[in-house]
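Report on the structure
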Amino acid sequence: MTLVTRRGFLATAASAAIVAACAPYARGRDPFALGVASGDPAPNGFVIWTRLAPNPLDLDPATPGGMEARAVELTWQVAEDEAMTRIARQGVVVARPERAHAVHVELEGLAPDRRYFYRFFAGGAASPIGRTRTAPAPGAAVEQLRLSFASCSDWQQGYFSAYRHMAAEAPDLVVFLGDYIYEFLEKRWAPVRLHSDGVEATDLRTYRNRYAQYRTDPDLQALHASVPCLATWDDHEVQNDYADRWSQDLADPEAFLRRRAAAYRAYWEHMPLRNAARPNGPDATIYGFTDWGALARIWMLDQRQYRSRPPCYGRPRGGGQVVNATTCPEYLDPASTMLGAAQEQWLGETMRASRARWSLFGQGTLMAELVQPDRSGASGYWTDAWSGHPAARDRFIAQLTEARAANPIVMTGDIHSFWTNALKRDFRDASAPAVGTEFVGTSITSPGVPYDEFAALARAMPHVRYFESRYRGYVSLDIAPALTRASYRAISDVRDPQASVSTVARFVVEDGKPGPVEA
Ligand code: FE
Ligand code: CA
């Protein structure tokens, strides 16, 4: 990407009419219909994103998103003020059809711990102005970090009011823990809204279309335009309950990897991720950490791509199932992994090197032990979450202590319910001390697990301090040197686009005292 002078930029803007005449999309349409986003804030910069899609749901292979198969030059600006008068950086970037006309601009050389604004121009049209920020300088004494975390936003199940209320809180960061889209078509519940194409996403065209549809949502667009995000995926970005190359429908692993490659590519194209996260075929390195001065290190983990094959994988179905040592001793395999060897090793090294006061981990599935009945009523464990890979969980929790990760807090999605859990080296020992805390956000829209059944299970597990599946919403964390507060935010009605929000539970974790305390 080349930097242009301010005069050069104005000349580009002034010739907008000429550019518009040759723009590769229908005149009169807004090429920025999917809005803007920013992510991965560092002390010196962040990523800004947009995708040109003047007709977002156009599935015609000749004009996907309403764009002809030609490259388009965009101009971008980053400014210190919302009026975009104090320009800090500007430049030109090319939107290419092979990247769905999405652009990711990685900013460097900006000042730490300050707000910035950004926008794009193409074909005489201007994007909305986005708001973002840089992280504090390395090691800086920071008094506060406010973040909200989200998971499980199924378009079909309702409106994204939770995203609107997250934006209204104006946190420093939004953290997406997976199931940002859903690939399938809802058959169990009457949909509130429909997936526009009427097919399960299985290839590049249909995954791209799914992201485009979700990004037409005004609440999600406004959230991305106002807060930088960190993001990892769970299963529905590809397929329900998949693990590595092992699909729910027992597809040929090589064929499934082709599907995964398409899904990962569409994910990267639509999220404000760095170029380093761009997939190479079915592989993409999206795990990493973000430092917030001396206050917090936030690890974002990938617990799907490198997983062991699900224990007792096979007929009739390849996804999660409830197993135990009698029905499936394989689940106790000491070599079983959720993160893969390379990510586990990196995690240990980066924990040991961290000097942050708080250690936060964003990841997809329930980490604390959950004992639940199998079909015969015997106690068992769900193979799609950490309880189905106990050796991997034991290593993670042991590493928290061995690597002296200060004040560990795991942020979790997937299970469509709020949980507050004490993480322990031995969940069976009620008197064992907590070594960390798990906060589980509920879903943005996806239906909760059955309340009565899971509330009864939760009551039988002393490490579970709170369970609630009847609300949709998210969790907001207010992190300060001495104390982290968690607010469990619930919306009034997922079927109401104007739903209100309220706090249904509060927990705190004190510096130096592992484990959650009700507040
Ligand atoms: Fe989900
Ligand atoms: Ca999931």
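Described below are features of the structure shown in this document. (Residues numbered from 1 in each chain as written. Chains lettered and ligands numbered in written order. Predicted model: local features only at pLDDT ≥ 70, side-chain atom pairs only at ≥ 80, totals over all residues. Heavy atoms only, no water.)

Topic: the pattern of salt bridges
Test applied: Salt bridge criterion: a side-chain nitrogen from Lys or Arg within 4 Å of a carboxyl oxygen from Asp or Glu. Using a 1.4 Å probe on the protein chains alone, a residue whose accessible area is under 20% of its type maximum counts as buried, one over 50% counts as exposed, and one in between counts as partly exposed. Secondary structure counts use DSSP, requiring at least four H or I residues in a row for a helix and at least two E residues in a row for a strand, with both numbered from the N terminus.
In the structure shown here, the tally under the stated rule is 31 salt bridges. R86 is the partner of E80 in a salt bridge, and the nearest nitrogen-oxygen pair spans 3.3 Å. Owing to a relative accessible area of 45%, R86 belongs among the partly exposed residues under this scheme. Between D235 and R304 there is a salt bridge; the shortest N-O distance is 3.9 Å. Here D235, found in the loop between β11 (229–231) and α6 (253–270), pairs with R304, found in the loop between β13 (296–300) and β14 (322–323); they are 69 residues apart in sequence, far enough to count as distant. Of the two residues examined, D235 and R304, each falls in the buried class. When salt bridges with common partners are traced through the structure, they connect D234, D235, R304, R307 and D384 into a single cluster.

Observations concerning the coordination of the calcium ion (ligand 2)
Metal coordination angles in their ideal form are 109.5 degrees for the four-donor tetrahedron and 90 or 180 degrees for the six-donor octahedron. Rules: Distances up to 2.8 Å from the metal define which N, O and S atoms are donors, and 3.2 Å serves for Na, K and Ca; water is absent from the atom set, so sites may look incomplete.
Only D179 (OD), D234 (OD), D235 (OD) and D414 (OD) from the protein coordinate the calcium ion (ligand 2), and they sit 2.2 to 2.6 Å from it. Read in sequence order, the donor residues coordinating the calcium ion (ligand 2) give the pattern D-x54-D-D-x178-D. Here the iron ion (ligand 1) and the calcium ion (ligand 2) are spaced 3.8 Å from one another, each receiving a donor from D179. One end of the pair, D235, is in the loop between β11 and α6; the other, D414, is in the loop between β18 (408–412) and β19 (418–423), with 179 residues separating them in the sequence. Judged by relative accessible area, which is 1%, D235 ranks as buried.

Description of the sheet that holds strand β17 (residues 379–382)
In a beta sheet, neighbouring strands pair by backbone hydrogen bonds and run either parallel or antiparallel. Rule in force here: When DSSP finds at least two bridges between two strands, those strands are taken to pair.
Strand order across the open sheet formed by three strands is β14-β17-β16, with antiparallel pairing between neighbours. Sheet topology places β14 and β16 (372–373) at the edges, where each strand pairs with a single neighbour. In terms of strand pairing, β14 meets β17 through two bridges, oriented antiparallel. Looking across to β17, one finds that V323 is bridged to Y381.

Looking at the coordination of the iron ion (ligand 1)
Let me state the cut-off plainly: All geometry calls rest on donor angles, where a four-donor set with angles between 85 and 135 degrees is tetrahedral, four- and six-donor sets with opposite donors more than 155 degrees apart and all others between 65 and 115 are square planar and octahedral, and all else is irregular.
Within the protein, the iron ion (ligand 1) binds to C152 (SG), D179 (OD), Y182 (OH) and H416 (NE2); these donor distances fall in the range 2.1 to 2.4 Å. Coordination geometry of the iron ion (ligand 1): the four donor atoms subtend angles of 84 to 164° at the metal centre, consistent with an arrangement described as irregular. Counting gaps between the donor residues of the iron ion (ligand 1) yields the pattern C-x26-D-x2-Y-x233-H.

Looking at the side chain of T484
What counts here: Only heavy atoms matter for contacts: two residues are in contact if any of them lie within 4.5 Å across the pair.
With respect to the helices, strands and loops of the structure, T484 is situated in strand β23 (residues 483–491). Since its relative accessible area comes to 0%, T484 is described here as buried. The residues touching T484, leaving out its near neighbours within four places in the chain, are W358, I409, L477, D478, I479, F507, V508 and V509.

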